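Overview (structure and organization)
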Amino acid sequence: MPEKLANPAPLGLACFALTTFLLSALNAELAPKELAAPIVSCALVYGGAVQIMAGMWDIKAGSTFGGIAFSSYGGFWLSFGLIRLLEFLGIWTVSPTALGVFLLGWTLFTFYLLVGTFRLNWALVSTFALLLLTFVFLDIGHLAGISTANVVGGYVGILCALNAWYVSAAVLLNELFGRDVLPVGHIKR
């Protein structure tokens, strides 16, 4: 009998949502700067390592999209956390432009994943559309030096995190109850 695998998507989405929420609250200037330490910790462990594990489990479960998304954004969070940790330790300083180029690469990656969500469901479409907008505002903020864009990106990022938590809850609860408790808007093919 083949081994039944649990669905790792709710975990990967929850990892992404919490870490995105924390950083976005800081970017939106809704949280004190002291939140930076918990953000780095969360980025390295929950958003990074745990999300990468969810991605690998999603690949084993047969989801190429989920595996790539979770593993890649887990890598994003590990990289971001490491950048901030090394800055804190005084090992190097990252300019806003350098961070902007880093973010721009993730914007491009997010764009093609957004295209892929149009084969999945509307809840994921909205999550990735909000993430793309978040990155665009952060790109503008860092590359053009417009700090208001970073704040707007923070607010959009909070919406993205809330959306991702919804999708996480929907996948988990719909599976547990065997019906659509929280609709995700399945796309007809």
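Residues numbered from 1 in each chain as written. Predicted model: local features only at pLDDT ≥ 70, side-chain atom pairs only at ≥ 80, totals over all residues. Heavy atoms only, no water.

**Side note on the overall build of the protein**
The helix and strand inventory of the protein stands at 6 helices and 0 strands. Starting at the N terminus, the α and β elements of the protein follow one another as α-α-α-α-α-α. Whereas a compact globule of 189 residues would reach a radius of gyration of roughly 16 Å, the protein reaches 17 Å, a difference of no more than 12%. C-alpha atoms of the protein, sized along the principal axes, occupy 55 × 30 × 25 Å. The buried share of the protein, taken over its 189 residues, is 45%. The long-range share in the protein, meaning contacts at least 24 apart out of those at least 6 apart in sequence, stands at 68%. Taken as a whole, the protein presents about 9800 Å² of accessible surface, with 72% of it coming from carbon and sulfur. In the protein, 8 side chains carry a positive charge and 8 a negative one; their mean positions are 11 Å apart. (Helix = DSSP H or I, 4+ residues; strand = E, 2+ residues; numbered from the N terminus. Rg over C-alpha atoms; globule rule 2.2 N^0.38 Å. Buried < 20%, exposed > 50% of the residue type's maximum accessible area, 1.4 Å probe, protein only. Contact = heavy atoms within 4.5 Å. Areas by Shrake-Rupley, 256 points an atom, 1.4 Å probe, with all protein chains shown as cover. Lys, Arg positive; Asp, Glu negative; His and termini not counted. Charge placed at Lys NZ, Arg CZ, Asp CG, Glu CD.)

**Quick word on helix 2 (residues 36-60)**
Helix length check: helix 2, at 25 residues, gives a terminal C-alpha distance of 34 Å against a target of 36 Å (1.5 Å per residue), a fit within 8%. At C42, helix 2 is bent by approximately 45°, the largest bend along its length. Within the span of helix 2, buried status applies to I39, V40, C42, A43, G47, G48, V50, Q51, A54, G55 and D58. On its buried face, helix 2 is in contact with helix 1 (9-27) and helix 3 (64-88). G62 lies just past helix 2 and shows a positive phi near 100°. (Expected span 1.5 Å × (residues − 1). Bend = angle between axes of the 7 residues up to and from the residue.)

**Points about the packing of aromatic side chains**
Scanning the model with the defined rule gives 16 aromatic pairs in all. Their ring planes at 55° and their centres at 5.7 Å tell us that F16 and Y73 sit as a pair that is tilted. Here F16, found in helix 1, pairs with Y73, found in helix 3; they are 57 residues apart in sequence, far enough to count as distant. Across the pair, Y73 and F16 agree in class, each one buried. (Phe/Tyr/Trp six-rings, centres within 6.5 Å; stacked < 30°, edge-to-face > 60°.)

**Side note on the nonpolar core**
By size, the foremost hydrophobic cluster in this structure holds 40 residues, and its most contacted members are F16, Y73, F76, W77, F128 and F135. Within the residue set of this core, elements represented by two or more residues are helix 1, helix 2, helix 3, helix 4 (96-117), helix 5 (122-143) and helix 6 (147-177). Sorting elements by how many residues they give to this core places helix 5 first, with 9 residues. Excluding its chain neighbours within four sequence positions, the residues that come into contact with F76 are F102, L103, W106 and F135. (Core = buried A, V, L, I, M, F, W, Y, C linked by side-chain atoms within 4.5 Å.)

**A short note on a nonpolar patch on the surface**
Together, F88, L89, I91 and W92 make up a nonpolar patch on the protein surface, roughly 510 Å² of accessible area in all. In this fold, L89 is placed in the loop between helix 3 and helix 4. (Patch = residues over 30% accessible without salt bridge, like charges linked within 9 Å, V, L, I, M, F, W, Y side chains within 5 Å. Salt bridge = Lys/Arg side-chain N within 4 Å of Asp/Glu carboxyl O.)

**Things to note about helix 3**
For helix 3, spanning 25 residues, the distance from its first C-alpha to its last is 36 Å, which sits close to the expected 36 Å at 1.5 Å a residue. G90, located one to two residues past helix 3, shows a positive phi value of around 80°.

**Side note on the environment of F111**
Its place among the elements puts F111 in helix 4. Assessed through its relative accessible area of 46%, F111 is described here as partly exposed.

**Considering the pattern of salt bridges**
Per the stated rule, a full pass over the model turns up 1 salt bridge. A salt bridge links E87 to R84, with the nearest nitrogen and oxygen atoms 2.5 Å apart. In this pair, E87 and R84 are both assigned in helix 3, 3 residues apart and thus about one turn of the helix distant. With a relative accessible area of 28%, R84 lands in the partly exposed category.

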